[in-house]
Amino acid sequence: MLLYMGRKPKSEEPVYSRIEAVRVDRGITRQELADSVEVHYQTIGYLERGEYSPSLALALRIARQLDTPIGELFALDPFTGAGGNDEHIA
Amino acid sequence: MSTSRKEKNDEAVAARVEAIMADNRFAGLRTRRARVALAVTMIALIAVIPLSWVLFGSIPGILAVVVGIVVWWLLRMSVRLIADLPEDYLDERQTALRNSVYVDAYRWFGGVVVLLASAGLLAFIVLGEDPDTWRVALSYNGVMGIFWLLEAAALSIPSIVLALKDRELPR
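K.L.:
Would you mind showing me how to read the nonpolar core here?
P.N.:
Ranked by internal contacts, the top residues of the largest apolar core, which has 35 residues, are Ile-46, Ile-49 and Leu-162 of chain B. Taken together, the elements giving at least two residues each to this core come down to helix H1 (3-22), helix H2 (32-56), helix H3 (58-78), helix H4 (92-127) and helix H5 (140-165) of chain B. With nine residues, the top contributor of residues to this core is H5 of chain B. Beyond its immediate sequence surroundings of up to four residues, Ile-49 of chain B is in contact with Ala-64, Val-65, Gly-68, Trp-148 and Ala-152 of chain B. Among the nonpolar cores identified, the runner-up in size contains 19 residues, and Tyr-41, Tyr-52, Leu-66 and Leu-73 of chain A belong to it.

K.L.:
Got a minute to help me understand helix H3 (residues 41-48) of chain A in this structure?
P.N.:
Every α-helix winds through 3.6 residues per turn, so residues three or four apart in the chain are directed the same way. Residue and element names in this part refer to chain A. Of all the eight residues making up H3, eight are buried; the element is thus mostly covered by neighbouring parts of the structure. Taken residue by residue, H3 has Tyr-41, Gln-42, Thr-43, Ile-44, Gly-45, Tyr-46, Leu-47 and Glu-48 as its buried positions. Phi turns positive one or two residues past the end of H3, at Gly-50, with a value near 75 degrees.

K.L.:
Would you take a moment to explain the interface of chain A and chain B for this structure?
P.N.:
As a measure of interface size, the accessible area lost when the parts come together is often cited. Between chain A and chain B, the contact holds twelve residues from the first and twelve residues from the second. For the pairing of chain A and chain B, the buried interface totals around 1,100 Å² over both sides, and the portion due to carbon and sulfur atoms is 44%. Across the contact surface, chain A and chain B share zero salt bridges. Across the contact surface, chain A and chain B share six residue pairs in polar contact (both at pLDDT 80 or more). Considering each element in turn, the side of chain A that touches chain B owes the most residues, four residues, to H3 of chain A. When grouped by side-chain class, the residues that make up the side of chain A that touches chain B number six nonpolar, four polar and two charged.

Conventions we followed
- Residues numbered from 1 in each chain as written.
- Chains lettered and ligands numbered in written order.
- Predicted model: local features only at pLDDT ≥ 70, side-chain atom pairs only at ≥ 80, totals over all residues.
- Heavy atoms only, no water.
- Core = buried A, V, L, I, M, F, W, Y, C linked by side-chain atoms within 4.5 Å.
- Buried < 20%, exposed > 50% of the residue type's maximum accessible area, 1.4 Å probe, protein only.
- Helix = DSSP H or I, 4+ residues; strand = E, 2+ residues; numbered from the N terminus.
- Contact = heavy atoms within 4.5 Å.
- Buried area = accessible area lost by both parts, 1.4 Å probe.
- Salt bridge = Lys/Arg side-chain N within 4 Å of Asp/Glu carboxyl O.
- Polar contact = N/O pair within 3.5 Å; in protein donor to acceptor, adjacent residues only side chain to side chain.
- Nonpolar A, V, L, I, M, F, W, Y, C, P; charged D, E, K, R; others polar.

Quick look at the structure:
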């Protein structure tokens, strides 16, 4: 077994998100959400596909913008209902 | 530069960056295949440009440089200038990506320089009849070849690494 100097590689730290489901439910476009939280629209795409893990500040801004508790948008375990991405964040 | 002139310049840069970040004119360059093709072409040109100067002379050398500038520009557009922009113009994902890219780019460029320096030293030792008195003679085209090799590598490697690393980006 490989040792990682006490730190797990990022690929073993999955974070799941439901941004896309909640955003679509709120009727907000990817561009609108990106503008409101001051990131590029592609970054929202990365977040929705689970290919990027946001900073705490960005996660809080997204949660506020979507009027959703942060725990309902991001989780360390897969969301059981529909709407969560299957991909983990690398 | 006066404050007002600096502000105007900053506003112009911000507007230009905004336009590049939002534009979809180069969507065809931002596919995975196009980015890899551009990166591979640029890597080839890093070798072709100095060889053109050394083997074929000034005119082919200048033509190779012009082609290199065009490919470099297309490569930068394909990655939306993320490798070149100041942090103020990037969001947190882009900044993290750029920082990661520069670590790899430094290693690549360092590798190129170390390889060239080692080859030069080896050639000097092997070919020099008397290391204490042997002088290296460089032609104009030879100097231009070395200059453009280092110039092309230093300027393009960050965007090359970014194009290869971030090739999963959606259009």
